[in-house]
Amino acid sequence: MLRITDPEAMRDAIRRLAVRGAPAIGIAAAFGTVLGVRSSPATTEAAFLEHLDNSCQRMASARPTAVNPSWALERLKARAQTLSGRGVPAMKAAVHAEALAILDEDRAICRRLGEIGADLIRDGQTVLTHCNTGALATGEHGTALAAVFEAHSRSKRVSVYATETRPLLQGARLTTWELLQAGIDVTLICDGMAAQVMKEGRVHAVLVGADRIAANGDTANKIGTYGLALLAREHGLPFYVVAPRSTFDLSLASGAEIPIEERPPEEVTCVGGQRIAPHGIKVYAPAFDVTPARYITGIVTERGLITPVTAETVRRTLGEG
Ligand code: MRU
């Protein structure tokens, strides 16, 4: 268990992926900010709001690709601002209450994602998933994995191929563990095995999560996702993204504008602290890639299934704009 009592420790936990997954880092960033402002020495509301804004900026910069932290932090700021005239203690309490609300809402939203997503999985089907999208990546239940958990709890026979997810092995370490705990049939494969597994007809659909979805449906997710979408298209398999409204960034027209986080070279050259590549080797380590909307069969949100995926259907299903 990780006990965090100060904002820098929370930022560090997000940065080094002790807490990871888009919804989970949104929630963590919110509580990190609560830790940052609860002992704020500000005596005026203006000074408090400035402190809050600085704390939010620092927390949001921990990881750039997922939009959920910025979304959550904007909510904290908006909530504090509504209490203008009620004093600093009231603003502090409101920021804390908003963080708790974000956590509670995420739990309910993930449950809903699971319900809608489970309808896409038929009895006896096998799903391929990438990275980790279960309870360890969210407030509870998960996103893409919530659909699998829900299908299983509806007594559908569902099996999963989990990619190991190089370089940090979220699939091998976390997804397999969560599925085994739930009693769901899971097979681990190296990332490079996905094409062969699809070609052998072992998979019926691909389900993944997301870190940021642009207004046109282009989707940033863990590095390797784009390749899986291309493979799914080639093999005639549906490719679904499962993500809450908080993962959409409607301010970005397309995925070309999504910032892609680069990770330290050691995450590629070392596995479990053991060096596996020559010293001095050049490394490029983008942590995410962007799948163009045209390769995505549908996006499951708590507001419904977006399909086909276009700027128009995104707007219409989210009920915004
Ligand atoms: O680098 P990570 O482990 O934070 O990346 C996580 C992912 O890419 C997940 O697929 C995504 O956040 C969806 S979480 C439900």
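Here, every reference points to the structure presented above.
Predicted, not measured: the structure shown is a model, and the values here were computed from it.

Colleague: Which residues make up the layout of surface pockets, and what values go with them?
Modeller: The volume enclosed by the largest pocket comes to roughly 700 Å³. In terms of lining residues, the largest pocket is bounded by 26 residues, among which L2, A18, V19, A24 and A28 are the most central. Broken down by secondary-structure element, the contributors of at least two residues to the lining of the largest pocket are α2 (22–38), α5 (88–118) and α7 (170–181). Broken down by element, the residue count for the lining of the largest pocket peaks at 7 residues, all from α2. There is about 220 Å³ of room inside the second largest pocket. As for the second largest pocket, its lining consists of 13 residues, of which R111, A135, H141, A146 and F149 are closest to the centre. Of all the secondary-structure elements, those providing two or more residues to the lining of the second largest pocket are α5, α6 (144–153) and α7. Along the lines of polarity and charge, the residues of the lining of the second largest pocket split into 6 nonpolar, 3 polar and 4 charged.

Colleague: Tell me about the sheet that holds strand β11 (residues 288–291), and name the residues and values.
Modeller: Here 4 strands make up an open sheet; going across it, the order is β8-β5-β6-β11 and the pairing mixed. The open sheet has two edge strands, β8 (248–249) and β11, and neither has a second partner. Here strand β5 (residues 212–214) runs beside strand β6 (residues 219–222); their pairing, made up of 2 bridges, is antiparallel. Residue pairing across strands places R212 opposite A220, the latter belonging to β6. Across the face of the sheet, helix α9 (residues 225–234) comes into contact with β6 and β11 while running at roughly 35 degrees to β11.

Colleague: Tell me about empty space enclosed by the protein, and name the residues and values.
Modeller: Gaps left between atoms are located by rolling a probe of water-molecule size over the structure's atoms. Inspection of the entire model under this criterion finds 3 cavities of 30 Å³ or more. Lining the largest cavity we find 21 residues, and of these R20, G21, A22, N132 and D211 sit closest to its centre. Those elements that place two or more of their residues in the lining of the largest cavity are α2 and β6. Across the lining of the largest cavity, the residue classes break down as 9 nonpolar, 8 polar and 4 charged. Considered as a void within the structure, the second largest cavity measures approximately 70 Å³ in volume. Contributing to the lining of the second largest cavity are P23, G26, I27, N68, W71, I102, E105, D106, I109, P244 and S246.

Colleague: Mind laying out the packing of aromatic side chains, listing which residues take part and the relevant values?
Modeller: Under the defined criterion, the tally for this structure stands at 1 aromatic pair. Ring geometry for Y226 against Y295: centres 6.5 Å apart, planes inclined by 50 degrees, an arrangement best described as tilted. Taken together, the residues Y226 in helix α9 and Y295 in the loop between β11 and β12 (298–301) connect sequence positions 69 residues apart. Looking at Y295, the relative accessible area reads 17%, which means it is buried. The ring of F288 is capped by K222, whose NZ or CZ atom sits 4.3 Å from the centre of that ring.

Colleague: Mind laying out the side chain of R63, listing which residues take part and the relevant values?
Modeller: Tracing the sequence through the fold places R63 in the loop between α3 (45–60) and α4 (68–82). One polar contact links R63 to E261, side chain to side chain, over a distance of 3.0 Å. If near-sequence neighbours (up to four positions away) are discounted, R63 is found in contact with I14, R15, L17, R20, I25, K222, E261, R263 and F288.

Colleague: Describe the nonpolar core, with residues and values.
Modeller: Residues I14, F48, L52, L76 and V95 are the most contacted members of the largest nonpolar core, which totals 32 residues. Looking at this core, the elements that each hand over two or more residues are α1 (7–15), α2, α3, α4 and α5. Leave out the neighbours within four places in its chain, and L76 touches A30, T33, L52, V95, E98, A99 and I102. Ranked by size, the runner-up nonpolar core spans 27 residues in total, among them A194, V197, A229 and L237.

Reading guide: rules and limits
- Residues numbered from 1 in each chain as written.
- Predicted model: local features only at pLDDT ≥ 70, side-chain atom pairs only at ≥ 80, totals over all residues.
- Heavy atoms only, no water.
- 1 Å grid on protein atoms, 1.4 Å probe; cavity = no way out; pocket = protein on both sides within 12 Å on 5 of 7 lines; lining within 4 Å.
- Points joined across faces, edges and corners; volume = space filled by probe spheres on them.
- Helix = DSSP H or I, 4+ residues; strand = E, 2+ residues; numbered from the N terminus.
- Nonpolar A, V, L, I, M, F, W, Y, C, P; charged D, E, K, R; others polar.
- Pairing = 2+ DSSP bridges.
- Contact = heavy atoms within 4.5 Å.
- Axes fitted to C-alpha atoms, helices over the stretch in contact; angles between N-to-C directions.
- Phe/Tyr/Trp six-rings, centres within 6.5 Å; stacked < 30°, edge-to-face > 60°.
- Buried < 20%, exposed > 50% of the residue type's maximum accessible area, 1.4 Å probe, protein only.
- Lys NZ or Arg CZ within 6 Å of the ring centre and 35° of its normal.
- Polar contact = N/O pair within 3.5 Å; in protein donor to acceptor, adjacent residues only side chain to side chain.
- Core = buried A, V, L, I, M, F, W, Y, C linked by side-chain atoms within 4.5 Å.

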